[in-house]
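Summary of the model geometry
Here are the chains, one letter per residue:
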Amino acid sequence: MNTARSVRAAAEIPGPADATSASTRPPGLYALGPKPNRVYILPTRYGYAFTLALGAMLLGAINYNNGLAYVLTFLLASVALVSMLHANRNLAGLKLGVSAPKPAFAGSTARFYLSIDNRGQAARYALNVRYRYDPDASDKLDGVHHTDLAADAVAREVIEAPAIRRGFQPLGDLVFSTRFPFGLFRAWCPLKIGAECLVYPRPEGRQALPARAAAGTRENGLRGDGRDDFAGFRDYVPGDSPRQIHWKAVAREQGLPVKLFSGANAGELLLRFEDVNSTRTEARLSQLCRWVLDADGAGFRYALSLPGAEIPPGDGEVHRHACLKALALFSSGARS
Amino acid sequence: MTSAELETRGWHLSFERMVWLSLSLLLVLVPHAPRMPAWISVLFLVLAGWRLYAVKTGKPLPHRYIMGAVVLATLAGVYLSYGTLTGRDAGVAMLAVLAGMKIAESRVLRDAYVVVFLGFFLVVTNFLYSESIPTGLYMLVVVAVLIGSLVAISTEPSALVPQRQLRLAAVILLQAVPVMLVAFLLFPRISGPLWGLPKDAFSARSGLSNTMTPGDISGLSLSDEVAFRVRFDGEIPDNRELYWRGPVLWKTDGRTWTAGESFRRSKPIDFARRGSPVDYVITIEPHQRRWLFALELPATIPRMATMSAEFELRSVKRVRNRMRYRVRSYTDYQIPWISRGELTEGLELAAGTHPRARELALKWRRELAHPRAIVEHALEYFRDQPFVYTLTPPLLTRDNVDEFLFETRQGFCENFASAFTVLMRAAGVPARVVTGYQGGELNELGNFLTVRQRDAHAWSEVWLGEVEGWVRVDPTGAVAPARIESGMEAAIPRTLGPGALNLQPSEPVRRAWRSLRHSLEALNNAWNEWVLGYGPERQRRLLNQFGIDATDFTRLAVWLIFCVLALLAGTSLLLSRRPRTRDPAIRAYRKFQNKLARAGLERAQGEGPLDFAKRVIRTRPDLALQVSRITDMYVSIRYAREGGDARILNRAVAAFGIQ
């Protein structure tokens, strides 16, 4: 099932996601208004209260035979009806683009990038974008974004949700709504958004990296002694091993530089599921994740072996992503 | 948590919102202020001002016990001021006080909505006092501000600055007008009231009563208030024939004249008539009595009215609302019959009154044989003796007829009518007093006549025997013919400005003033007919012209819904139009795009102008020169630093054509 998901992958909209996002769920374009994204509209409770007030005014107008009271009652009723049209117009015709999100580690934040396209249309006010932090949670952990949109403008919104579990985390359904202009009606448009964020396991565990095999030999290799050729610095990214941080630079408040070593003469690492000293699958995956990051950070070539999946030795961004993705999508059912 | 709660989480009553709410309530209460005890206005200002200060400085709300105590105290205050908590005036005072309290304790979104809804109710209460055009216009402004408040409280967050919120409110109000008009015209009308009205629903309005005491009619003569308006089908009769018949008075105690009891019938009474009939429609202002006025002498009875033997028209119900009725009259008539009761009643005088008048009348009776001669003689007497027609006669303290006839000789129509009738009765000629209105102001613009309270008049009718019957005699006309021929204004010139200076405006000023007043009067008349007086009757007649049966409420409701939906669909189309952009370059480029689109070359979503131009040139190389020129110009205006002239672009687009 998970593998089937990863097949569909094509970034139609260039977004902030990098090359690794090619394996996340596809982004999409959604138009609010026409089928299947109909805009619904209903009175709010203030709308119902307003109707009651108008009813009372109408009774008063009839009772006192007051011409101007009739005029006012009908004027306010018409204003409410016209405001309903405005509420609809405030949503309809909007185009929403969802770009593929960057993968995230469990425990960090998944970021979904939306572009709300209002080109060639009048300004919109007080839009609410509601989303669900965790689509599987029974209690609704909803978040709401408020935004205005100028005429002819494109707005970018970032929806941040806690990345909770490894695997594909869907953004869930988005609900665009507005109570503009008077709050008497609420127009809303539920959107089934396919976008999912790939969530890597949480990098965890204190077990040291397995020993490196000498080039060509996988078994009884020696652990890297860290005396590989120093290749330079780069900025810290989550998952880097603390051992590679250049702590002296940190003390001088020069950011968090990470030492890089050229792996030219480094041996290959084999990161094996069975080598993790834990019986819990998740703990093992977390440890493997840690190892992958450490190995990648140290510039080693490494291979990953999971029950039912083998990833041949390699290095670099794409290799790291392949390994992490395998960990993210590992299912015990797939073990054979 | 519901969607609405979730989406309005974090709402707070900002200072700006508080200003909106206080200002809109202040505006709606301004017209009420002079009608309420001053302490209510002061209390409202204090509460709103305090709350604004509290919001600005972040002070907390007072304890709810304190608020409760203030509420109870103000309720007690309203009770002490009005002696009641119900009724129109006290009710409005209560609403005003509650509005102030609500502002003072507002905290959440719901409170803000309650304040605005209270504001709408207070607008309606203003209409219980005044339904004039200025009131309507002012309240339209107030409603726009209230709707602006709705925008301010409901829009979150908002790029809309207050001016734009108000503008949006005004735009939506304008867009709502067509639907409002349709609802106003088509909503099934029934005549109220549905339940009892408070006693003070209509303040006492002046008008003729069914008694006449000296000072009654001259009191009215200062009032410019409209009594009724008349629209004639044909030509308007001469001013001297415009006697609008009201209550006929038989009985006198020497000072006050009262109406007798008389039999009322629903079929018109026959009388001898000559000449052509006069048909007209009267729109009468509510006067809380039953009298309906008609030109002498009415030959038909309006619906829901009856006629007495004296040809008085009376409405079945009190005239509580503006009412319209149609009558046909004959100005040349004869009433050649009298009952035995009337014959004796028409000669009765209170015992021991007016000795000198009786003496004079008896002398005339001895000298003259025929009643008509007596009448002529009496009118001559009024003309010859130094009688003065005046609005401010000296106070009569003793026998008011004798004193008027022989001492002061200054009086208003009621003095003349009353003295003349007494003289006739004393001379053995059956006579009665008729009250009503005389004349009216012609409005050339609307071709209708406005009869005001100051046109109130009293005259006499005398019985001149079987041949002539009851004959109208107006002794005022003998003294001040201008009153009858040209109306009140000619008889007693009005002055502008303070009376002490007695400024006489010049003729052009007066003419300009008159024409202005006529235009206003015509406007008022249309307003009364179409806005205030639009009831079941008028609706039925209007819709009949369109072939709609207004008495069939189901049919009417279907029409109403259909029209409203059609208008809403139209409005919706209007709203979905692409906005006109302010940038002339974009406008010109759109025009260019439209021209290409008509030739089947449509710019794709997300396709840049340069790519689009390339694609166009590939399919239509013949257009290459123009397309690339226009595109280059557009791109440089929009994106290049040095820009360009949008007018040149516009000209290029205008010249651009595709064969």
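Presented here is a report on the structure given in the accompanying data block. (Residues numbered from 1 in each chain as written. Chains lettered and ligands numbered in written order. Predicted model: local features only at pLDDT ≥ 70, side-chain atom pairs only at ≥ 80, totals over all residues. Heavy atoms only, no water.)

Let's shift gears to the side chain of Thr 476 of chain B. Residues and elements named next belong to chain B. Within the secondary structure layout, Thr 476 lies in helix 16 (residues 475–479). A residue is classified by how much of its surface remains accessible, and Thr 476, at 0% relative accessible area, is buried. Once residues within four sequence positions are removed from consideration, Thr 476 is found in contact with Tyr 389, Cys 413, Phe 416, His 457, Ala 458, Pro 481 and Arg 483. (Helix = DSSP H or I, 4+ residues; strand = E, 2+ residues; numbered from the N terminus. Buried < 20%, exposed > 50% of the residue type's maximum accessible area, 1.4 Å probe, protein only. Contact = heavy atoms within 4.5 Å.)

Further remarks concern the interface of chain A and chain B. Listed by partner, the interface residues are 53 residues for chain A and 67 residues for chain B. Taken over both partners, the interface formed by chain A and chain B buries close to 5600 Å², and the fraction arising from carbon and sulfur atoms is 71%. Considering only the side of chain A, the residues that lose the most area to chain B are Asn 63, Tyr 64 and Leu 68 of chain A, jointly responsible for 13% of the buried surface there. Inspection of the chain A/chain B interface yields nine residue pairs in polar contact (both at pLDDT 80 or more). Only helix 2 (45–64), helix 3 (67–91), strand 6 (124–132) and strand 7 (142–149) of chain A provide two or more residues apiece to the side of chain A that touches chain B. Looking at which element gives the most residues to the side of chain A that touches chain B, the answer is helix 3 of chain A, with 16 residues. When its residues are assigned to classes, the side of chain A that touches chain B shows 30 nonpolar, 13 polar and 10 charged. (Buried area = accessible area lost by both parts, 1.4 Å probe. Polar contact = N/O pair within 3.5 Å; in protein donor to acceptor, adjacent residues only side chain to side chain. Nonpolar A, V, L, I, M, F, W, Y, C, P; charged D, E, K, R; others polar.)

That bond from Phe 180 of chain A to Pro 181 of chain A is cis: its omega, 0°, falls within 30 degrees of zero. By secondary structure assignment, the location of Pro 181 of chain A is in the loop between strand 10 (174–178) and strand 11 (185–191). In this model, Glu 296 of chain B is joined to Leu 297 of chain B through a cis peptide bond whose omega is 10°. Its identity as a non-glycine residue notwithstanding, Met 304 of chain B has a phi of 60°, on the positive side. Among the secondary structure elements, Met 304 of chain B is positioned in the loop between strand 10 (294–295) and strand 11 (305–308).

All names here are of chain A. One open sheet holds the four strands; their spatial order is 1-3-5-8, and the pairing between them is antiparallel. Either end of the sheet is taken by a strand with one partner, and the two such strands are strand 1 (28–31) and strand 8 (154–162). Averaged over all adjacent pairs, the angle separating strand axes in this sheet is 25°, with direction ignored. The sheet contact formed by strand 1 and strand 3 (residues 95–99) spans four bridges and is antiparallel. Bridge assignment links Leu 29 to a residue of strand 3, and that residue is Gly 97. (Pairing = 2+ DSSP bridges. Axes fitted to C-alpha atoms, helices over the stretch in contact; angles between N-to-C directions.)

Don't take any of this as a statement about function, it's just geometry.
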